[in-house]
Amino acid sequence: MAWEVFSIIGTIAFAISGAIIAMEEEYDLFGVYILGIVTAFGGGAIRNLLIGLPVTTLWGQDMMFQIALAAITIFFIFPHHLIQHWHRWGNFTDAIGLSAFAIQGALYAVKLDMPISAVVVAAVLTGSGGGIVRDLLARRKPLVLRDEVYGVWAALAGLVIGFEVLTGDIFLYVLFAAITALRILSYMMKWRLPLRRLNRA
């Protein structure tokens, strides 16, 4: 049950996140749909490639595609004055999508009896893969590659699930809330990972 819930939450959050970036970049309606869909399903496609599953499994998610399209449509026609703070909305939906898909990806790897390293990789790629593709298509530096604390939270979710620290749907929902809150705190408080610059000659 939890896996399906996180799939729906992640799909809606990342579809809206992609739509926000597309609208910020002044893409037309078709571009908004494309970027929203790519953001919602890009992470799962990358994960499937790396753990040996056919990418075509994505096409069996008719309901998820319908949910993503509906979320993008509703957001696109939303009154402008209610969504004028694009940056704040984008960070919030991105945090929700990261948390939901990181947990979903980790659960998927555990279901396939993958080792802990694969569980962590699945969590990171599912949680941030769609955002990476979105940012690259929008010609932006991917969030996960900046000095912001971003992918670390997905890896943390993968470790907690992979080591089976706690089990049960209630625990997974608490973990989802915790990872989302940590991501929101990290950009509000401007937490940063160590950064080393090389001087150019």
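About the cut-offs
Residues numbered from 1 in each chain as written. Predicted model: local features only at pLDDT ≥ 70, side-chain atom pairs only at ≥ 80, totals over all residues. Heavy atoms only, no water. Core = buried A, V, L, I, M, F, W, Y, C linked by side-chain atoms within 4.5 Å. Buried < 20%, exposed > 50% of the residue type's maximum accessible area, 1.4 Å probe, protein only. Helix = DSSP H or I, 4+ residues; strand = E, 2+ residues; numbered from the N terminus. Contact = heavy atoms within 4.5 Å. Polar contact = N/O pair within 3.5 Å; in protein donor to acceptor, adjacent residues only side chain to side chain. Patch = residues over 30% accessible without salt bridge, like charges linked within 9 Å, V, L, I, M, F, W, Y side chains within 5 Å. Areas by Shrake-Rupley, 256 points an atom, 1.4 Å probe, with all protein chains shown as cover. Salt bridge = Lys/Arg side-chain N within 4 Å of Asp/Glu carboxyl O. Phe/Tyr/Trp six-rings, centres within 6.5 Å; stacked < 30°, edge-to-face > 60°. Axes fitted to C-alpha atoms, helices over the stretch in contact; angles between N-to-C directions. Parallel < 35°, antiparallel > 145°, perpendicular 65-115°, else oblique. Left-handed = near helix turned anticlockwise from the far one by under 90°. Expected span 1.5 Å × (residues − 1).

**Q** Talk me through the nonpolar core; I want residue IDs and the actual numbers.
**A** With 29 residues, the main nonpolar core has Phe6, Ile103, Ala157, Ile161, Leu172, Leu175 and Phe176 as its most contacted residues. At the level of elements, helix 1 (2–24), helix 4 (86–111), helix 5 (116–137), helix 6 (151–162) and helix 7 (169–188) are the ones that each hand at least two residues to this core. Top contributing element to this core by residue count: helix 4, with nine residues. With sequence-adjacent residues up to four places away left out, Ala157 is seen in contact with Ala102, Ile103, Leu175 and Ile179. With 19 residues, the next largest nonpolar core counts Ile20, Ile21, Ala22 and Ile67 among its residues.

**Q** Describe the side chain of Gln104, listing the residues and the values that go with them.
**A** Within the secondary structure, Gln104 sits in helix 4. For Gln104, the side chain forms a polar contact with the side chain of Ser7, separated by 2.9 Å. Polar side-chain contacts of Gln104 include one of 3.0 Å to the side chain of Arg47. Leaving out residues up to four positions away in the same chain, Gln104 has contacts with Trp3, Phe6, Ser7, Arg47 and Thr126.

**Q** Residues and numbers for a nonpolar patch on the surface, please.
**A** A surface patch of nonpolar side chains, about 400 Å² in accessible area, is lined by Leu159, Phe163, Val165 and Leu166. Locating Leu159 in the fold gives a position in helix 6. Given a relative accessible area of 36%, Leu159 falls into the partly exposed group.

**Q** Help me get a handle on the packing of aromatic side chains, residues and values and all.
**A** Taken as a whole and assessed by the stated rule, the structure comprises five aromatic pairs. Centre to centre, the rings of Phe41 and Phe65 are 4.1 Å apart; their planes meet at 15°, and the pair counts as stacked. Remark: Phe65 occurs in helix 3 (residues 62–77) and Phe41 occurs in helix 2 (residues 29–50); sequence separation between them is 24 residues. Centre to centre, the rings of Trp153 and Trp191 are 6.4 Å apart; their planes meet at 55°, and the pair counts as tilted. You can see Trp153 sitting in helix 6 and its partner Trp191 sitting in the segment after helix 7, a full 38 residues away along the chain. The class for Trp153 is buried, based on a relative accessible area of 11%. Note on Trp191: relative accessible area 34%, which makes it partly exposed. One aromatic cluster is present, built from ring pairs that chain together Phe6, Tyr173 and Phe176.

**Q** Which residues make up the pattern of salt bridges, and what values do they have?
**A** Applying the stated criterion across every chain, the model contains four salt bridges. Glu25 is the salt-bridge partner of Arg140, the closest N and O atoms lying 2.9 Å from each other. One end of the pair, Arg140, is in the loop between helix 5 and helix 6; the other, Glu25, is in the loop between helix 1 and helix 2, and 115 residues separate them in sequence. As a salt-bridge pair, Arg134 and Asp135 come within 2.9 Å of each other at their nearest N and O atoms. Each member of the pair, Arg134 as well as Asp135, is classed as buried.

**Q** Quick rundown of the packing of helix 5 against helix 6? Include the residues and the values.
**A** Viewed as axis vectors pointing N to C, helix 5 and helix 6 meet at an angle of 140°, and their least axial separation amounts to 8 Å. Taken together, the axis directions place helix 5 and helix 6 in an arrangement best described as oblique. In the packing of helix 5 onto helix 6, the handedness of the crossing is right-handed. On helix 6, the residues that touch Ile116, Val119, Val120, Ala123 and Val124 of helix 5 are Gly151, Ala154, Ala155, Gly158, Leu159 and Gly162.

**Q** Give a description of helix 6 that names residues and reports values.
**A** Over its twelve residues, helix 6 extends 16 Å from the first C-alpha to the last, a length consistent with the 16 Å expected when each residue adds 1.5 Å. Note on helix 6: the residue one or two positions beyond its end, Glu164, has a positive phi of about 50°.

**Q** Got a sec to walk through the environment of Leu136? Specific residues and values, please.
**A** Of note, Leu136 is situated in helix 5. Classification of Leu136 by relative accessible area gives exposed; the value is 51%. On a C-alpha basis, the gap between Leu136 and Ile161 in space is 29 Å, while along the polypeptide they are 25 residues apart.

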